[in-house]
Amino acid sequence: NDLPSNDWKAVALELYEGEGHSDIASHGVLANNIYTAFAAGSMFSRPVVPPGTIDLAVTTIAIHWLSHHPGVPLGRHLVPNQAGVSAETRNHWRSQSDQDLRTFLASRSTEIKTGGALLMVTPAEGMWTTFVSPLQDAIERAAADGIVPATMLEDFSYPVYFRTLED
């Protein structure tokens, strides 16, 4: 969880300071043999590891998450890519997505070593059906059965945008 009290830089430094300089290294594990995976919500606004420390970074779902909800309601939809969401509403989400992707990539560019790589896996439009459609169905059933308030259908949406080939 990306809590205000988290210090992602301290985590990265602990892992990458090198042999003899960190608790991990002092236990006989060489820092250059450690492979980590973590993502901070602050990934949009600033680097989360020291500059030039990443050889290979892989991002999949993280590049679809938005730094914040665009504030344009989706009605009864969980993501803006669903049929029935107006083009105007989708454009607000697309704009937020574009801005966040640029900020995300700017931060990542400082973290990756010269000669390193960032592998971006970008699912095609329609990928939401695999991840979101079952959840949408479950929420609708839960609202119909009175398990969750019906207003949840109107108020809940993921801050996520799946890019199209056009994007």
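Fair warning: this is a prediction, and the values are worked out from it, not measured in the lab.

Asks: What is the right way to read the overall build of the protein from this model?
Replies: Each helix and strand in the protein was counted, giving 6 helices and 2 strands. Ordering the α and β elements of the protein from the N terminus gives α-α-β-α-β-α-α-α. Going through the 167 residues of the protein one by one, you find that 34% of them count as buried. Intrachain contacts of the protein at a sequence separation of at least 6 include 70% that bridge at least 24 residues. Put simply, the protein shows about 9,900 Å² of open surface, and 56% of that area lies on carbon and sulfur atoms.

Asks: Just to check I follow, could you spell out the environment of Asp 98 for this structure?
Replies: Within the secondary structure, Asp 98 sits in helix H3 (residues 87–111). Note: C-alpha distance between Asp 98 and Tyr 161 (63 residues apart in sequence) is 9.5 Å.

Asks: Before we go on, may I ask you to explain the pairing of strand E1 (residues 54–59) in this structure?
Replies: Note that E1 and strand E2 (residues 112–120) share 5 bridges and pair parallel. By the bridge assignment for E2, Val 58 is matched with Leu 119. With H3 bridging E1 and the parallel E2, this β-α-β connection has right-handed handedness.

Asks: Looking at this structure, how should I read the pattern of salt bridges?
Replies: If charged atoms from side chains of opposite charge come close, those side chains can pair. Taken as a whole and assessed by the stated rule, the structure comprises 3 salt bridges. When the shortest N-O distance is used, the salt bridge between Lys 113 and Asp 55 registers 3.3 Å. Of this pair, Lys 113 sits in strand E2 while Asp 55 is found in strand E1, placing the two residues 58 residues apart along the sequence.

Rules behind the numbers
Residue positions within a chain follow its written sequence, with the count starting from 1. For a predicted model such as this one, the threshold for reporting local features is a pLDDT of at least 70, and the threshold for listing and counting side-chain atom pairs is 80 or more; totals across whole chains, interfaces and linings nevertheless cover every residue. Here the side-chain values reflect all heavy atoms present in the structure, with hydrogen atoms and water set aside. For helices the rule is a DSSP run of H or I covering at least 4 residues; for strands it is a run of E covering at least 2, with both sets numbered from the N terminus onward. When a residue's accessible area, from a 1.4 Å probe over protein chains only, is under 20% of the maximum for its type it is buried; when over 50% it is exposed; and in between it is partly exposed. Should any heavy atoms of two residues lie within 4.5 Å, those residues are considered in contact. In these tables, accessible area is a Shrake-Rupley quantity obtained with a 1.4 Å probe, and a residue counts as shielded only by the protein chains included in the view. Strand pairing is defined by DSSP finding a minimum of two bridges between the two strands. For the handedness criterion, the strands are oriented away from the viewer, and a crossover whose path from the first strand over the helix to the second runs clockwise is classed as right-handed. By definition, a salt bridge exists where a carboxyl oxygen of Asp or Glu is found within 4 Å of a side-chain nitrogen of Lys or Arg.

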